[in-house]
Amino acid sequence: MTESFPVPARDQTPLRRVNELSVLAVLRDGAPRSLREVSHATGLSWRTTQVVAEGLGTHGWLAETEAASEIAGRKAVGRPARRYRFRAEAGHVVGLDIGVHRVQVLVADLAAEVVGSGSAMVSPRDPAPDRLAAAQGALNAALAEARLAPADIWAAAMGTSGIVGPDGTVTTSALLPGWNGLNPGKLISPSLHCDVEVANDANLAALGERWRGHGAKTVIYVLVGTRLGAGLIIDGRLHRGAAGAAGEIGALRGAGWPDAAERLATTDIGEGAAGDRDHAAHRVFAAARAGNQAARAAVDRFAADIAHGIAAMVLTIDPELVVLGGGFSHAADLLLPRLGAELAGTCPHLPLLKASALGDDVVALGALRLALDAVDQRLTELGSAEPLTAAAIRGL
């Protein structure tokens, strides 16, 4: 006769976490829903949905709202259905763009609604401490506008020029004085009481464009201005490379990128001195639109120069879309047709070519998306035995 022993109860904590994340996923991006609607969307029983929703409410993720009949102004018949909404205001994230001429900060809630912003003008010659002080001032202004304290921020990300290593250290920066070897995220993070992830600005521009602009699964975002850079989205994911140097086509001298903007800006269009390189390039574009032959030839040459680098990336990853952004994106009407003609002669598959839909906000928006992704990652990686609380997600 076989002796039987009691079987220990199966640990239900992993299943509970799966159920919690399923309910959050349904409610996070939509309007308030009844328990029955959430049950139908998740496939959970009504009773399980109720237990999970009540638990998420206790931890601050959900809030009950008015019943549908009350919202419509009708008198409820019987017990009104319980409805829940995601509390996007439970936490916030910060996105920073540390540029050559301007720093920008955006603060958003967990539903990605921007609730505060700040910016400051800086000089290309400003040393690192001054640039960081300007970023801190813009951050303080954004938090004040949002009526938030640093402790309310769950995650933050920063975009900056240069090659950014996996640990957030800027290994190479030709534009920002004192930036080489610096980890600007570590210098800002104490004032937020959370880590600040640092990424190349072109990479974050690509992420922002994929999120809020021209959505496509595989994208090359080209920052076109007095400097050239590129960010890559491959199969829906930001591709930074092993050392953060993906897309640095400008390092290839034969690609024509290093001196392209200089050649454009120094074109003699018969109008005398034009000030700095950015202003000079704008005058060349304006003259090309007006029919100036020297200016048109300069724009042709500039498009051919940047097409070499773009073609190399297009032939490598075969994207659906190439987005033109940066300081010269205002000249997309001149550049896109020329780029299309250049690429058509080289690439078997010509991707769509579009101007950025997000303008100057694209890097800061990409930083917001990266910070929100960090929150999402913490949600999914939190140990199932640990309660799903705000403190746990913030890592406190």
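Look a little higher up for the structure.
The residue numbers shown here count from 1 along each chain, following its written sequence. Totals for whole chains, interfaces and linings use every residue, but because this is a predicted model, local features are given only for residues with pLDDT of at least 70 and side-chain atom pairs only at 80 or more, for both listing and counting. Hydrogens and waters are ignored; side-chain quantities use all the structure's heavy atoms.

Participant: When you look at the overall build of the protein in this model, what are you seeing that I'm missing?
Facilitator: Helix and strand definitions follow DSSP, with helices as H or I runs of at least four residues and strands as E runs of at least two, each counted in order from the N terminus. A tally of helices and strands in the protein yields 13 helices and 15 strands. Taken along the three principal axes of its C-alpha coordinates, the protein extends 95 × 60 × 45 Å. The buried label applies to any residue whose accessible area, calculated with a 1.4 Å probe on protein chains only, is under 20% of its type's maximum; exposed applies above 50%, and partly exposed to all values in between. Counting all 396 residues of the protein, 49% fall into the buried class. In the structure as shown, the protein presents an accessible area of about 18600 Å², 53% of it carried by carbon and sulfur atoms. We score Asp and Glu as negative and Lys and Arg as positive, and we do not count His or the chain ends. The location of each charge is read from NZ of Lys, CZ of Arg, CG of Asp or CD of Glu. Each charge class in the protein was averaged separately, 37 positive and 42 negative side chains, and the resulting centres sit 5 Å apart. Using the Shrake-Rupley algorithm and a 1.4 Å probe, accessible areas are obtained, with residue cover drawn only from the displayed protein chains.

Participant: Teacher, can you tell me more about the layout of surface pockets here?
Facilitator: Computed from the structure, the largest pocket encloses a volume of approximately 950 Å³. Throughout, the protein atoms alone are placed on a 1 Å grid, and a set of points is a cavity if a 1.4 Å probe fits but cannot get out or a pocket if it is open with protein on both sides within 12 Å along at least five of seven lines; lining residues have an atom within 4 Å of a point. If you go around the largest pocket, you meet 29 residues; those closest to its centre are Val-100, His-101, Thr-226, Arg-227 and Gly-327. Looking at the lining of the largest pocket, the elements with two or more residues in it are β4 (92–98), β11 (219–224), α9 (277–289) and α12 (362–381). Lys, Arg, Asp and Glu make up the charged group, whereas Ala, Val, Leu, Ile, Met, Phe, Trp, Tyr, Cys and Pro make up the nonpolar group; the residues left over, Gly among them, are polar. Broken down by class, the residue content of the lining of the largest pocket amounts to 10 nonpolar, 11 polar and 8 charged. Its volume calculated, the second largest pocket comes out at about 810 Å³. Grid points are joined across faces, edges and corners, and a volume is the space filled by probe spheres set on the points.

Participant: Teacher, can you tell me more about the side chain of Arg-82 here?
Facilitator: Mapped onto the elements, Arg-82 comes out in the loop between α4 (68–71) and β3 (83–86). At a separation of 3.0 Å, a polar atom in the side chain of Arg-82 contacts the side chain of Glu-54. Residue contacts follow a heavy-atom distance rule, with two residues in contact if any of their heavy atoms lie within 4.5 Å. The contact partners of Arg-82, leaving out residues within four places of it in the chain, are Arg-33, Ser-34, Leu-35, Gln-50, Glu-54 and Glu-64. Here a polar contact means two N or O atoms within 3.5 Å. Within protein one must be a hydrogen donor candidate and the other an acceptor candidate, and residues neighboring in sequence count only if both atoms are side-chain atoms.

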